[in-house]
Amino acid sequence: MKKTLLTLLTTALIFSIKAQSLSVEQIMQDPKFTIGALPSNIFWSEDSKTIYFNWNPDKNKADSLYGASVTEKKPFKVSPQTRRALPSNSGSYSADFSKKVYAKNGDIYLMDCRTMTIRQITNTVESESNPTFNGKDDKIIFTKGNILFSFTIGNGEIDQLTNFQVGTKKPEPKLSEQEKWQKQDQLSLFDILKERSDKKKEGDKIQKADLPKRAKEIFVEDKTVLEPQLSPDEKYITYRLTKSATGTKSAIVPSYVTESGFTEDLPARTKVGAAQTSSEFWVYDIKKDTSLQVLTKEIDGIFDEPDYLKDYLKKLLVVKKDTAKKKIEPRKVIFSNLIWSEDGKYCVLVVKSQDNKDRWIMSLDPTTRKLQTIDRQRDEAWIGGPGIGFGGNVGTLGFLADNQTLYFQSEVDGFSHLYTFNLATSVRKQLTKGKFEVQSVQLSRDKQNFYLTTNEVHFGEQHFYRMAVSGGIRTRLTKMTGSNQVILSPDETKLAYLNSFSNRPWEVFLQENEVNNPPSQITKSQSRQFKEYKWREPEIITFKAEDGEDIHARLYESKTGEQGKKPAVIFVHGAGYLQNVHKWWSQYFREYMFHNMLVDNGYTVLDIDYRGSAGYGRDWRTGIYRFMGGKDLSDHVDGTKYLIENQGIDAKKIGIYGGSYGGFITLMAMFTKPDVFAAGAALRPVTDWAAYNHPYTANILNEPQTDSIAYRKSSPIYYAEGLKGNLLICHGMVDVNVHYQDAVRLSQRLIELRKGNWELASYPMEDHGFIEPTSWMDEYKRIFKLFESTLRK
């Protein structure tokens, strides 16, 4: 208690000393003190009378659950007993939304949404999951250990629907011709032998007839069963089989500071190019008692090769010559689960090529196991964007009320938009269009309207709309500038949402589902310390790239200093596919506060949404394909030109910094553009893309064994000789994302190159995202010291 009180008093004292002059010590404190404990994870009660959210206004060690009634609109803390009794905010509904089934703590529950009564269906040590209703809504279908069960609501009867067995079925012993003759001769020679044999056969027949009907044994060899599904008409069970690649080597991440006092290895990942998990899709016909695989060889374009292989034409010709006599196999794919129409007439699934250059939305005839293409989206870079889904995720996909019109999202016109396709008439329709993205889609319960989140007002804003399922006019329901992350009430009469602005953190708001209805603010989370400083609203600017494209950036402008001699810092956001030039509270809130501090000290700061960033459509997203450190870096170089020409910045006083992907860009900038950037701080950077993970890297650079050109062009370690300016590298030693090995290998390279103007700061107890305030303080003190010592000369 004394320690907590001391921490609070110390933090308050630090802020009260100079409310308008920030320091690293101030801004890198625990965020709940520097900013406030911000709310998150909104969900509704099933009767639409209460909203719930995580919050921590008392600044405890962890968030608690809070609620607010739609009438009182005042937050209250939910007791542990009430919280434990609440239903899960996820689950499945009956067709008329009168019942909800959900899993919680490994058990299945059934809720009557009219009376709000809850019935516990299972209470077992084993975990049950994935509950749904059957086609008639009179049974609950769920899984236990990937075995499918049904629970009849009326009488409580439980049936096991599948019986998957690891291994292969042992074949019935077969007699040789000689053994057959010998047996027949014995039976014909000895009457008692024949009599006993006939009696045994009759007994076996009776015993078999007396056995209750059980689920068919389905042998899956050494594969894993994923998410079996029962068709609405209960005629078919579909399931996926996956098999992990064998012989793949994983990296090791040692942890040095441990409770045991011994160095311990942390679980790590494989590297890009390692063999991937295989995926199969199967249909079990219950009546015919047969289980057969869905084949992919007839999928349109399944044998297409990517264009980048043309750069290796000679090598490819040798490979083709060597494999000419071998059977050509279709590309490996990843299957999603099925989406069924409510009447059970149609079912669709998403099939993605494992190289992620194709996505097929396909209908499946479970009787013949034939696939038919509804939509094919191909991208020579990679498939992605809002609502498209990743891996086995279907993304935006579902049926309208007529049970024959499918809705989905596609980037085919350059931006992620909403489309429909009628499976009966094959009529395709684009519902939204323009240079903006549809970022989320929800179908209303009556299936007459879509609720959409888009950035059509401004690429840096997110607003909530209602639109008829036929398309047409979109009615904007949110008006507050910034981002509006809306959760619609179950009865669809109200909106609960998180809203924030660039210099105002997230708060909970509540409003009626009506146009121009003013929202009510539910939470007030900002700390007193945060309010004492006048946080800047960065200006959103646009400048031209060398190829003529518009680049958007946040500008933190310093009004002090002599024109032509002012210093500047460019910040590079991480994650690659992420947006940071927007009008809402940034996930880089520490960096935002640091940028305010830099401006206080006479620096101008530029924060760019470079090529590869989110929010600007397909071509911007894929602009880094096969060359990370190409256009994304040149966008930052063009940013320095803007600063010099428009902000009075000294060309010799520009620094750059960023973490993760931002750290990678910083290294490429310092190594390949050494005359542009005087200093750089690379935080947890990727130094060699061949050492990073497969899902992210293979999308952009393909695989190192098939596209070594892309990896050589894109990896900083190959350009280290170009370093001229001052470089700081900071890396957590237990980083299981970008491994500390990246920093160590680059350090050895710099040592061998006899470079002396660099340093490595290591953080023994930090992962990719730092946790401890002391680590953040140390890191940013070093960054500030670097800029002060190099850009102030």
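Use the structure listed above.
Keep in mind the model is a prediction, meaning the values are calculated, not measured.

A. Focus on the overall build of the protein chain. Summing up its helical and strand segments, the protein chain has 16 helices and 45 strands in all. For the protein chain, whose C-alpha radius of gyration is 31 Å, the value lies close to the compact-globule estimate of 28 Å for 793 residues. With respect to the three principal axes, the spread of C-alpha positions in the protein chain is 115 × 70 × 60 Å. Out of the 793 residues belonging to the protein chain, those deemed buried represent 51%. The contacts of the protein chain with a sequence gap of at least 6 include a subset with a gap of at least 24, amounting to 57%.

B. How the structure looks around the packing of aromatic side chains. A full pass over the atoms with the stated rule returns 38 aromatic pairs. Measuring from ring centre to ring centre gives 5.1 Å for Phe530 and Trp535, while their planes differ by 20°; the resulting arrangement is stacked. Comparing Phe530 with Trp535 shows no difference in burial state: the two are buried. Judged by centre distance (4.9 Å) and plane angle (80°), the rings of Phe594 and Tyr780 are edge-to-face.

C. Examining the pattern of salt bridges more closely. Evaluation of the coordinates by the stated rule reveals 43 salt bridges. For Asp300, the salt bridge goes to Arg376, with nearest N and O atoms at 3.8 Å. One end of the pair, Asp300, is in the loop between β20 (290-293) and α7 (313-322); the other, Arg376, is in strand β25 (residues 370-378), and 76 residues separate them in sequence. A relative accessible area of 47% means that Asp300 is categorised as partly exposed.

D. Region of interest: the sheet that holds strand β33 (residues 474-476). Across the sheet, which stays open at both edges, the four strands sit in the order β30-β31-β32-β33 with antiparallel pairing between neighbours. In this open sheet, the two edge strands, each paired with only one partner strand, are β30 (438-443) and β33. Each strand of the sheet is rotated relative to its neighbour by a mean of 30°, with strand direction disregarded. The sheet contact formed by strand β32 (residues 463-468) and β33 spans three bridges and is antiparallel. Looking at β33, one finds that Tyr465 is bridged to Arg476.

E. Focus on a nonpolar patch on the surface. There is a patch of nonpolar side chains on the surface, built from Leu189, Phe190 and Leu193 and spanning about 280 Å² of accessible area. With respect to the element layout, Phe190 can be found in the loop between α5 (177-189) and α6 (191-210). Looking at Phe190, the relative accessible area reads 39%, which means it is partly exposed.

F. Seen up close, the pairing of strand β6 (residues 99-104). Note that strand β5 (residues 92-93) and β6 share two bridges and pair antiparallel. When the bridges of β6 are listed, Tyr93 appears paired with Lys100. As paired strands, β6 and strand β7 (residues 107-112) are joined by six bridges and run antiparallel to one another. Among the inter-strand pairings, Lys104 is bridged to a residue of β7, identified as Asp107. Remark: two residues form the turn of the hairpin made by β6 and β7, two consecutive strands paired antiparallel; Asn105 in that turn has positive phi of roughly 55°.

G. Representation of the packing of α5 against α6 within the structure. Across the interface, α5 lies against α6 with an axial gap of 5 Å and an inter-helix angle of 110°. Regarding the angle of α5 to α6, the classification is roughly perpendicular. Of α6, the residues touching α5 (which contributes Gln186, Leu187 and Leu189) are Asp191, Leu193, Lys194 and Ser197.

H. Structural view of the sheet that holds strand β4 (residues 76-77). The sheet built from four strands is open, its strands ordered β1-β2-β3-β4 with antiparallel pairing. What marks the edges here is a single partner per strand, and that holds for β1 (40-44) and β4. Across two bridges, the pairing between strand β3 (residues 64-69) and β4 is antiparallel. The residue of β4 that forms the bridge with Tyr66 is Lys77.

I. Examining the side chain of Gln409 more closely. Inspection of the secondary structure puts Gln409 in strand β27 (residues 405-410). Within the structure, the side chain of Gln409 is placed 2.9 Å from the side chain of Ser416, a separation counted as a polar contact. Every residue in contact with Gln409, bar those within four places of it in the chain, is listed here: Arg359, Pro386, Gly387, Ile388, Thr396, Ser416, His417, Leu418, Val438 and Val441.

J. Layout of helix α16 (residues 773-791). The end-to-end C-alpha distance of α16 is 26 Å, a good match for the 27 Å that 19 residues give at a rise of 1.5 Å each. Taken residue by residue, α16 has Ser775, Trp776, Met777, Glu779, Tyr780, Ile783, Phe784, Leu786, Phe787, Thr790 and Leu791 as its buried positions.

K. Examining the nonpolar core more closely. Ranked by internal contacts, the top residues of the largest apolar core, which has 62 residues, are Leu606, Phe671, Trp689, Leu727 and Leu750. It is helix α12 (residues 661-672) that provides the largest number of residues to this core, a total of eight residues. The next biggest cluster of nonpolar side chains, apart from the first, holds 55 residues, and it includes Leu22, Met28, Tyr66 and Met777.

L. Quick look at unusual backbone geometry. Unlike most non-glycine residues, Lys59 shows phi in positive territory, near 60°. Note on placement: Lys59 falls in the loop between β2 (50-55) and β3. Using a relative accessible area of 25% as the deciding quantity, one classes Lys59 as partly exposed. Phi is positive for Arg754, close to 60°, though the residue is something other than glycine. By secondary structure assignment, the location of Arg754 is in the loop between α15 (740-752) and β45 (758-763).

M. Summary view of the environment of Val351. Mapped onto the fold, Val351 is located in strand β23 (residues 347-353). Taking the C-alpha atoms as reference, Val351 lies 43 Å from Val78; in sequence the two are 273 residues apart. Setting aside anything within four residues of it in sequence, one finds Val351 in contact with Ile299, Val333, Ile334, Phe335, Asp358, Arg359, Trp360 and Met362.

N. Just the environment of Ile551, in detail. Its place among the elements puts Ile551 in strand β39 (residues 550-556). Sequence spacing of Ile551 and Gln354 is 197 residues, and the spatial spacing of their C-alpha atoms is 32 Å. Non-local contacts of Ile551, meaning those with residues more than four positions away in its chain, are made with Ile541, Thr542, Phe543, Ala545, Ile608, Asp609, Trp620 and Asp635.

O. Seen up close, the packing of helix α9 (residues 589-600) against α16. Where α9 contacts α16, the axes come no closer than 12 Å and their chain directions differ by 35°. In the packing of α9 onto α16, the handedness of the crossing is right-handed. Every residue of α16 that contacts α9 at Arg590, Glu591, Phe594, Met597 and Leu598 is listed here: Trp776, Tyr780, Ile783 and Phe784. Split by residue class, the contact of α9 with α16 holds seven nonpolar, no polar and two charged.

P. Seen up close, the pairing of strand β40 (residues 566-572). Of all the seven residues making up β40, seven are buried; the element is thus mostly covered by neighbouring parts of the structure. Side chains of β40 alternate between two faces, with Lys566, Ala568, Ile570 and Val572 and Pro567, Val569 and Phe571 buried alike. Bridge count for β40 against strand β41 (residues 604-608) is four bridges, and the pairing is parallel. When the bridges of β41 are listed, Ala568 appears paired with Thr604. Following the chain from β40 across α9 to the adjacent parallel β41, one finds a crossover that is right-handed.

How each quantity is defined
Residues numbered from 1 in each chain as written. Predicted model: local features only at pLDDT ≥ 70, side-chain atom pairs only at ≥ 80, totals over all residues. Heavy atoms only, no water. Helix = DSSP H or I, 4+ residues; strand = E, 2+ residues; numbered from the N terminus. Rg over C-alpha atoms; globule rule 2.2 N^0.38 Å. Buried < 20%, exposed > 50% of the residue type's maximum accessible area, 1.4 Å probe, protein only. Contact = heavy atoms within 4.5 Å. Phe/Tyr/Trp six-rings, centres within 6.5 Å; stacked < 30°, edge-to-face > 60°. Salt bridge = Lys/Arg side-chain N within 4 Å of Asp/Glu carboxyl O. Pairing = 2+ DSSP bridges. Axes fitted to C-alpha atoms, helices over the stretch in contact; angles between N-to-C directions. Patch = residues over 30% accessible without salt bridge, like charges linked within 9 Å, V, L, I, M, F, W, Y side chains within 5 Å. Areas by Shrake-Rupley, 256 points an atom, 1.4 Å probe, with all protein chains shown as cover. Parallel < 35°, antiparallel > 145°, perpendicular 65-115°, else oblique. Polar contact = N/O pair within 3.5 Å; in protein donor to acceptor, adjacent residues only side chain to side chain. Expected span 1.5 Å × (residues − 1). Core = buried A, V, L, I, M, F, W, Y, C linked by side-chain atoms within 4.5 Å. Left-handed = near helix turned anticlockwise from the far one by under 90°. Nonpolar A, V, L, I, M, F, W, Y, C, P; charged D, E, K, R; others polar. Right-handed = clockwise from strand over helix to strand, strands pointing away.

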